[in-house]
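For reference, the chains in residue letters:
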Amino acid sequence: MAAVLGIIVGVVVGIFVHTDVPVWLQPYLPIMVVAALDALLGAGRSFFERNFSDRVFVISFLSNVLTAVLLVYIGSLLGVSSQLTTAVIVVLGIRIFSNVSAIRRFIFSA
Amino acid sequence: MAEENEKEADSTQTGVFPVVEKPRKLSRAASSTISSWSEFLRELRHNRHTRGLVSSLILIALGAGVGYAFMAQQRITNTSYDALSESELVTLLDETNNQITRLETQRTQLSQQLDSIQTANNKQQEIERIAQENKDANDILSGSTAAYGPGIQVTISQGTKKDVSAASLFTVIEELRNAGAEVIQIGDVRVVTSTYVTDTKTGLVSDGVLLEAPYVIKAIGDKTALQNAIDISGGVGSSLRVNYGSTVTVVQKSKVDITALAHSFEYKYAQTVE
């Protein structure tokens, strides 16, 4: 799919272009990546369920990333940013696992 | 008839409730999910949402963003303390403790000097003697004179897995310092307090000088302690071997000549106390 193609393009560009991540973004970038991965896998799952819609995907992608960043930001305001980061990662990790298992069920029908 | 109907209505027996199924939406195919590869390919071709140019471009852009962010993040993780394992952190902590001990020794030394000045009969002479001693030591430290003495020579070849990074070379210097190296030279660069090592596209650069592999590092100090600092298991030597695939050889020498001088440094803000 187009998104997978995009990831490949991004990784290749990322290998060759070295950019310095600004300091203020550093605590949020890993969260954003994990949230985006979750959205991508959710899209893959919905594709197999035949209700994939690019509009829904884009909105869920952006809202996922934004919610994750906001949670961590609020956490940093309250002084519990590392705990909230862990919480977000755990929740997203569980979702990624369930999405992958749903996709696996479609591919291997097992 | 009417009686029978009433009987049925009066019946108190409860059966299994009928399952009410939500009417399935009838899609093009009989099943609502994809169950085979041919179906998957057909869906790829016919799904109206994945065909539009604009939507494809958006998907590619989002995907590219994720991929790029991933690589950028991965690069940060490679270099920050976050990524260090517990044992590496413990080593770092040990090194810091060593440094504290050395600073405390230095403090004792300085207070001894102060005492000897205060108790000496000929104060002026004693002050001059200590000043000369300190000057000799500082000349060596600041790199304005050549030095020689027992020490080691470390040769690090370019890694076969990846190029030796500035951070790892810097760790070598730090380890040598912690092991009590008095004078250090990398290639043709004298290591002083302001010395830096950085990665550039052409290779490692230290104090504006391009370093060529194999990197030769000379250090004056306790030979055994210096060699241990590099060769200790799990230390910087083995991490260079394992992570970068470079060969690290340490040779103990009874006389190491350090001839490189540091650039003289013009102090802009700091002034000496008279």
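The name given to chain B in an unreviewed UniProt entry is DUF881 domain-containing protein, with Alloscardovia macacae as the source organism. As recorded by UniProt, the Sequence similarities (unreviewed entry) comment attached to chain B reads in full: "Belongs to the UPF0749 family."

Chain A is annotated in an unreviewed UniProt entry as Small basic protein of Alloscardovia macacae. For chain A, the Sequence similarities (unreviewed entry) comment in UniProt is given as "Belongs to the sbp family."

A. Expanded view of the overall build of chain B. For chain B, the helix and strand inventory stands at eight helices and eight strands. Relative to its 274 residues, chain B shows a buried fraction of 31%. Residue pairs in contact within chain B that sit at least 24 positions apart in sequence constitute 70% of those at least 6 positions apart. Taken as a whole, chain B presents about 19,300 Å² of accessible surface, with 55% of it coming from carbon and sulfur.

B. Just the confidence of the model for chain B, in detail. All names here are of chain B. For chain B, the mean per-residue pLDDT works out to 78, and 80% of the residues sit at or above 70. Mean pLDDT across the elements of chain B bottoms out in helix 1 (residues 2-10) (59) and peaks in strand 7 (residues 215-220) (90). Low pLDDT, under 50, characterises residues 26-30; the stretch is placed with four contacts to residues that sit more than four places away or in other chains. Confidence estimates for the predicted assembly give a pTM of 0.44 and an ipTM of 0.75.

C. Representation of the layout of surface pockets in the model. Residue and element names in this part refer to chain B. Estimates place the volume of the second largest pocket at around 1,600 Å³. Looking at the lining of the second largest pocket, the elements with two or more residues in it are helix 4 (86-119), helix 5 (123-142), strand 1 (147-156), helix 6 (166-178), strand 2 (183-186) and strand 3 (189-191). The element contributing the most residues to the lining of the second largest pocket is helix 4, with eight residues. Looking at the lining of the second largest pocket, its residues break down into 16 nonpolar, 16 polar and seven charged. A domain-level breakdown of the lining of the second largest pocket finds at least three residues from each of domain 1 (26-141) and domain 2 (147-258).

D. Spotlight on the sheet that holds strand 2 of chain B. All names here are of chain B. The strand order across the open sheet formed by five strands is 3-2-7-1-8, and the pairing between neighbours is antiparallel. Every interior strand has two partners, whereas the edge strands, strand 3 and strand 8 (248-258), have only one. Mean inter-strand twist for the sheet, computed between neighbouring axes without regard to direction, equals 25°. Both strand 2 and strand 3 contribute to a ladder of three bridges, which runs antiparallel. Counted as the bridge partner of Ile186 is Val189 from strand 3.

E. Summary view of the environment of Ser63 of chain A. Residue and element names in this part refer to chain A. With respect to the helices, strands and loops of the structure, Ser63 is situated in helix 3 (residues 54-78). On the accessibility criterion, Ser63 (35% relative accessible area) is partly exposed. Between the alpha carbons of Ser63 and Ala36 there is a distance of 9.6 Å; along the sequence they are 27 residues apart.

F. Seen up close, helix 4 of chain B. Residues and elements named next belong to chain B. Here helix 4 spans 49 Å end to end across 34 residues, near enough to the 50 Å set by a 1.5 Å rise per residue. For helix 4, the set of buried residues is Glu95, Gln113 and Ile117. Taken together, the buried residues of helix 4 touch helix 5 and helix 6.

G. Local environment of the packing of helix 2 (residues 29-48) of chain A against helix 4 (residues 81-108) of chain A. Residues and elements named next belong to chain A. Axis separation between helix 2 and helix 4 bottoms out at 9 Å; the angle between their running directions is 25°. By the angle between their directions, the pair helix 2 and helix 4 is classed as roughly parallel. Crossing geometry of helix 2 relative to helix 4 is assigned as left-handed. Looking at the contact of helix 2 with helix 4 residue by residue, the classes come out as 15 nonpolar, five polar and three charged.

H. The interface of chain A and chain B, seen in detail. The interface is formed by 34 residues belonging to chain A together with 31 residues belonging to chain B. Counting each side, the surface lost to burial between chain A and chain B is near 3,000 Å², with a carbon and sulfur contribution of 73%. Summed over the shared surface of chain A and chain B, the result is zero salt bridges. Where chain A meets chain B, there are one residue pair in polar contact (both at pLDDT 80 or more). Elements with a contribution of two residues or more to the side of chain A that touches chain B: helix 1 (2-16), helix 2, helix 3 and helix 4 of chain A. If one sorts the elements of the side of chain A that touches chain B by residue count, helix 1 of chain A sits on top with 10 residues. Residue composition of the side of chain A that touches chain B, by class: 24 nonpolar, seven polar and three charged.

About the cut-offs
- Residues numbered from 1 in each chain as written.
- Chains lettered and ligands numbered in written order.
- Predicted model: local features only at pLDDT ≥ 70, side-chain atom pairs only at ≥ 80, totals over all residues.
- Heavy atoms only, no water.
- UniProt positions renumbered as here; feature names shortened; annotations may be inferred.
- Helix = DSSP H or I, 4+ residues; strand = E, 2+ residues; numbered from the N terminus.
- Buried < 20%, exposed > 50% of the residue type's maximum accessible area, 1.4 Å probe, protein only.
- Contact = heavy atoms within 4.5 Å.
- Areas by Shrake-Rupley, 256 points an atom, 1.4 Å probe, with all protein chains shown as cover.
- pLDDT = per-residue confidence, 0-100.
- 1 Å grid on protein atoms, 1.4 Å probe; cavity = no way out; pocket = protein on both sides within 12 Å on 5 of 7 lines; lining within 4 Å.
- Points joined across faces, edges and corners; volume = space filled by probe spheres on them.
- Nonpolar A, V, L, I, M, F, W, Y, C, P; charged D, E, K, R; others polar.
- Domains from an automatic or database assignment.
- Pairing = 2+ DSSP bridges.
- Axes fitted to C-alpha atoms, helices over the stretch in contact; angles between N-to-C directions.
- Expected span 1.5 Å × (residues − 1).
- Parallel < 35°, antiparallel > 145°, perpendicular 65-115°, else oblique.
- Left-handed = near helix turned anticlockwise from the far one by under 90°.
- Buried area = accessible area lost by both parts, 1.4 Å probe.
- Salt bridge = Lys/Arg side-chain N within 4 Å of Asp/Glu carboxyl O.
- Polar contact = N/O pair within 3.5 Å; in protein donor to acceptor, adjacent residues only side chain to side chain.

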